[in-house]
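Residues per chain, in single letters:
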Amino acid sequence: MEGKTWVKWTVTFEPSRDQELILSWLSDLSPRGLWEIDEQTVVAYFDEAPRKTQLPDGVISLKKEIELDRCWAETWRSFFRPIRLGRRIVVRPPWEKSVPDTVDVVIYPAYAFGTGDHPTTALCLTHLERYLRPGLDVLDIGSGSGILAILAAKLQAGKIVTLDNDRLAITEIRRNMALNELGKERIEYRLTELADLTGSFDLIVANIGLKYHLDQLPAMFERLRDGGRLILSGFEVEDTARLAEKARTIGLTEEARQIATGWSSLVYNKKGSGS
């Protein structure tokens, strides 16, 4: 790889713009590395410049640079350090050492898949630590890197099923399961939609977005066992009231809500009976 150069894009967008849409647009261009610098900035690296593409609404600037391979590797690794969450969770890339006496989750950073650094992912991880008990069956909707399902396995969940409609996610889940020394049978990953899923679960976690939650809340309710919990995130604070009202009308009881840097999460119980 000596002498190789990378195409580096630095994308800045309006603070009110949905960051997930920007990440989705960039990931569709097949970058080799993609991560969030802050709430308004995303950096992507490509083997070669993507073909001419139309910028999404809300993009303020797109800075294009050429960077040497050595610089890319050092920059890539410098952005991913162990992250401590909740009481005992540590999320780390595979090149960092494990931390004793923690729930150790190893995630290889790739594309737009979750590494624990985004507030919504962090919220879901801490909720799982609080509410998941050994033996409970878990459904992870929009699994991405598989980080939530892997934490569920580390917390000794029972059956674990993940759903995603992105084929790249399956590759990332398999890689991260191997990094965490989980057998391929431990987490069942499906490239399908919620409507095509059968069975029920004690705990469902969905870190996707407001529109998906509003559309799919009834289906999630049907898949949730009595006394089970539903963890929702991926939406901004100003959207919380709208989602909470929809949840109330279908019979979910709110247990908790949490906010982190403009993002929100909600935890619900079905029929109000504790699990």
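Quick note: structure is the one above.
I will try to describe carefully the structure that is included in this document. Note that this is a predicted model, so its numbers are computed, not measured.

So, the side chain of N180
No. 1: Counting through the fold element by element, N180 comes out in the loop between helix 5 (167–179) and strand 10 (188–190).
No. 2: Residue N180 is classed as buried on the basis of its relative accessible area, which comes to 7%.
No. 3: Every residue in contact with N180, bar those within four places of it in the chain, is listed here: D104, V105, V106, I150 and K154.

Some words on the pattern of salt bridges
No. 1: The final tally for this structure, using the stated rule, is 13 salt bridges.
No. 2: With a closest N to O distance of 2.8 Å, E172 and R175 form a salt bridge. Here E172 pairs with R175, and both are found in helix 5, just 3 residues apart, close to one helical turn.
No. 3: A residue is classified by how much of its surface remains accessible, and R175, at 32% relative accessible area, is partly exposed.
No. 4: Close ionic contact of K211 with D215 constitutes a salt bridge, the shortest N to O distance being 2.9 Å. Taken together, the positions of K211 and D215, both in helix 6 (residues 210–223) and 4 residues apart, correspond to about one turn of that helix.
No. 5: Judged by its relative accessible area of 62%, K211 is exposed.
No. 6: The class of D215 is partly exposed, set by a relative accessible area of 46%.
No. 7: Look at the salt bridges and you will find they share partners, linking K8, K63, E65 and E67 into a network.

A closer look at the sheet that holds strand 5 (residues 83–85)
No. 1: Spatial ordering of the open sheet is given by 5-6-7, a layout of 3 strands whose pairing is mixed. Edge positions in the sheet fall to strand 5 and strand 7 (103–106), since each has one partner strand and no second. Across the sheet, the mean angle separating the axes of adjacent strands is 25° when strand polarity is ignored.
No. 2: Alignment of strand 5 against strand 6 (residues 89–92), held across 3 bridges, turns out to be antiparallel. Its bridge partner lying in strand 6, L85 is registered against I89.

What counts as what
- Residues numbered from 1 in each chain as written.
- Predicted model: local features only at pLDDT ≥ 70, side-chain atom pairs only at ≥ 80, totals over all residues.
- Heavy atoms only, no water.
- Helix = DSSP H or I, 4+ residues; strand = E, 2+ residues; numbered from the N terminus.
- Buried < 20%, exposed > 50% of the residue type's maximum accessible area, 1.4 Å probe, protein only.
- Contact = heavy atoms within 4.5 Å.
- Salt bridge = Lys/Arg side-chain N within 4 Å of Asp/Glu carboxyl O.
- Pairing = 2+ DSSP bridges.
- Axes fitted to C-alpha atoms, helices over the stretch in contact; angles between N-to-C directions.

Structural measurements only, silent on function.
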